[in-house]
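Below are the chains, spelled out letter by letter.
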Amino acid sequence: MNKRQMTTLVKALMIAAPLVMLQSCGFLNKTKEKIGLGKKGGAEGDPLDGLVNGEVVATARKGWKQTAPTGMVLIPSGSFLMGQADQDILSSRVAMNKRVTISPFYMDDTEITNHEYRTFVNYMLADSVSVLGEEFIMSKLYPDSTVWTRDFSYHNGDQMTEYYFDSPAFDMYPVVGVNWDAANYYSEWRTKQYNAYREENGLFKSPAFRLPSEAEWEWAARGGKEGAKYPWGNPYVANGKGCFLANFKPYRGNYRADGYMYTSPANAFNPNDYGLYNMAGNVSEWTIDAYSESYIPLTWDLNPSYKDDDEPRKVIKGGSWKDVAYYLETGTVAFEYKTATRSYIGFRNVLDRLGTVPGRE
């Protein structure tokens with residue numbers, strides 16, 4: 001070994017020795033942790049990858065694949081004429097037409113059921129009492145069963161009050177008596193459970209579960225049918241055999257005519273062309289949007305959403321078992337105060353689709 005080679009070797013050892021010492025002390029691992037990648041880089045891989053021979057050659061990281069979570073279906077992107085699809089019989093003029101474009105997302109194929117929501121409150125009672133307190137969980141998150149008698153004057157709803165949320169007979173029926181804040185709390189809890197599992201299994205973080213915007217909900221409800229008055233199309237609420245296509249209030253109060261006096265199972269009746277059940281009738285559904293009489297001029301035409309923390313009124317869509325057919329129309333807009341619990345309002349979640357438009361990978 002000549003003198004030049006010896007000098008080069010000594011310099012290399014002088015550089016390598018501190019790095020070995022730093023690694024043994026956990027310095028590099030701590031650096032990775034500070035930038036959110038864990039001791040081994042986690043699902044994101046080595047944070048120092050991407051630099052080769054002094055050049056930035058970072059390419060797409062491997063392992064990302066987004067699939068529909070259990071119970072959800074993919075709603076494709078598209079453009080549609082949002083708003084009233086028929087005459088505005090109430091002359092409310094709050095659902096004027098506007099063409100909007102919606103990004104793809106996943107949506108629950110049914111409303112959140114009693115059994116699904118019961119899983120949530122049971123976990124809260126098992127794991128979060130020390131943090132939130134039992135009073136908060138039972139008063140703010142647990143469904144208000146008194147809505148069945150409180151919502152209607154001189155109505156005997158005792159059977160529903162006593163059994164609707166707790167009895168196995170109603171496990172697959174939509175949860176009701178849950179206000180807007182509780183629906184959002186459920187969405188946050190669902191997100192934490194889903195991403196905790198993904199992290200434990202070395203998977204990339206998923207977008208959050210959330211309530212749909214008014215525009216997303218309406219786009220999904222139409223099932224790809226431009227100008228559809230109802231999720232099944234136009235213009236009637238019964239098929240050729242006279243069978244009603246949703247759970248609502250027909251014949252001025254013959255609640256039993258559609259097969260159910262109150263709510264129906266979350267997967268009753270036929271789904272629309274996107275595979276979504278009960279986008280009309282059964283229970284109205286919370287959206288993330290605040291209510292405004294000026295929604296159309298206020299919002300943009302790409303993924304519109306109107307959020308206002310100071311506005312207590314929140315948009316509900318779809319109509320319910322106690323509503324006449326007008327409220328079942330895809331373009332009809334109604335609202336309820338976010339603190340209200342009703343026997344006719346439930347919810348379902350959506351989740352953003354990231355990356356390439358499905359079908360174009």
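Placed above this text is the structure.
Structural notes, computed from the coordinates. Everything numeric in this text was worked out from a predicted model, so none of it was measured.

1. Topic: the side chain of S213
Here's step 1: Along the chain, S213 falls in the loop between β7 (209-210) and α9 (214-222).
Here's step 2: Those residues within four positions of S213 in sequence are excluded, and the remaining contacts are T287, I288, D289, P304 and S305.

2. A closer look at the pattern of salt bridges
Here's step 1: For the coordinates displayed, the defined rule picks out 15 salt bridges.
Here's step 2: One salt bridge connects D171 with R118, and the closest N-O pair in it is separated by 3.1 Å. Pair noted here: D171 is in the loop between α7 (158-163) and α8 (180-200) and R118 is in helix α3 (residues 114-127), with a separation of 53 residues, a long-range link.
Here's step 3: Taking the relative accessible area as the measure of exposure, D171 reaches 17% and is therefore buried.
Here's step 4: Through salt bridges with shared partners, one network takes in D151, E336 and R342.

3. A short note on α9
Here's step 1: Of all the nine residues making up α9, nine are buried; the element is thus mostly covered by neighbouring parts of the structure.
Here's step 2: If you check which residues of α9 are buried, you get E214, A215, E216, W217, E218, W219, A220, A221 and R222.

4. Focus: the packing of α3 against helix α5 (residues 134-141)
Between two packed helices, what matters for the description is the angle formed by their axes and the separation of those axes.
Here's step 1: It is the contact of α3 with α5, at a shortest axis distance of 10 Å, that shows an interaxial angle of 165°. Relative to α5, the element α3 is oriented roughly antiparallel. Judged by the twist between their axes, the crossing of α3 over α5 is right-handed. Judged by residue contacts, Y117, F120, V121, M124 and L125 of α3 engage E134, I137, M138 and L141 from α5.
Here's step 2: By residue class, the composition of the contact of α3 with α5 is eight nonpolar, no polar and one charged.

5. Observations regarding the nonpolar core
The nonpolar side chains of a soluble globular protein tend to be buried, and buried together.
Here's step 1: Y117, F120, W148, W286 and F347 are the most contacted members of the largest nonpolar core, which has 32 residues in total.
Here's step 2: Apart from residues lying up to four places away in sequence, W148 is in contact with H155, G157, M160, T161, Y164, V176, Y262, T263, W321 and S343.
Here's step 3: Of all hydrophobic cores here, the second largest spans 21 residues; its members include I102, F105, Y274 and M279.

6. Some remarks on α3
Here's step 1: The end-to-end C-alpha distance of α3 is 20 Å, a good match for the 20 Å that 14 residues give at a rise of 1.5 Å each.
Here's step 2: Packing partners of the buried residues in α3 comprise α4 (129-132), α5 and α8.

7. Section: the pairing of strand β5 (residues 98-102)
Here's step 1: Every second residue of β5 is oriented toward a common face, the buried set being K98, V100 and I102 and the non-buried set R99 and T101.
Here's step 2: As defined by bridge partners, strand β4 (residues 78-82) adjoins β5 across five bridges and the pair is classed as antiparallel. Residue G78 lies in a different strand from β5, and its bridge partner there is I102.

8. Considerations on the side chain of S206
Here's step 1: Positionally, S206 belongs in the loop between α8 and β7.
Here's step 2: Here S206 is in contact with Y194, N195, R198 and L351, once residues within four sequence places are set aside.

9. Some points on the environment of K249
Here's step 1: Summarising the element assignment, K249 is placed in the loop between α9 and β8 (284-290).
Here's step 2: For K249, a relative accessible area of 24% gives the class partly exposed.
Here's step 3: The residues touching K249, leaving out its near neighbours within four places in the chain, are Y255, W321, K322, D323 and V324.

10. Observations concerning unusual backbone geometry
Here's step 1: In the segment running from N234 into P235, the intervening peptide bond is cis, with an omega of -20°.
Here's step 2: By secondary structure assignment, the location of P235 is in the loop between α9 and β8.
Here's step 3: You will see that Y251, though not glycine, has its phi angle at about 55°, which is positive.
Here's step 4: Tracing the chain through its elements places Y251 in the loop between α9 and β8.

Definitions and limits used
- Residues numbered from 1 in each chain as written.
- Predicted model: local features only at pLDDT ≥ 70, side-chain atom pairs only at ≥ 80, totals over all residues.
- Heavy atoms only, no water.
- Helix = DSSP H or I, 4+ residues; strand = E, 2+ residues; numbered from the N terminus.
- Contact = heavy atoms within 4.5 Å.
- Salt bridge = Lys/Arg side-chain N within 4 Å of Asp/Glu carboxyl O.
- Buried < 20%, exposed > 50% of the residue type's maximum accessible area, 1.4 Å probe, protein only.
- Axes fitted to C-alpha atoms, helices over the stretch in contact; angles between N-to-C directions.
- Parallel < 35°, antiparallel > 145°, perpendicular 65-115°, else oblique.
- Left-handed = near helix turned anticlockwise from the far one by under 90°.
- Nonpolar A, V, L, I, M, F, W, Y, C, P; charged D, E, K, R; others polar.
- Core = buried A, V, L, I, M, F, W, Y, C linked by side-chain atoms within 4.5 Å.
- Expected span 1.5 Å × (residues − 1).
- Pairing = 2+ DSSP bridges.

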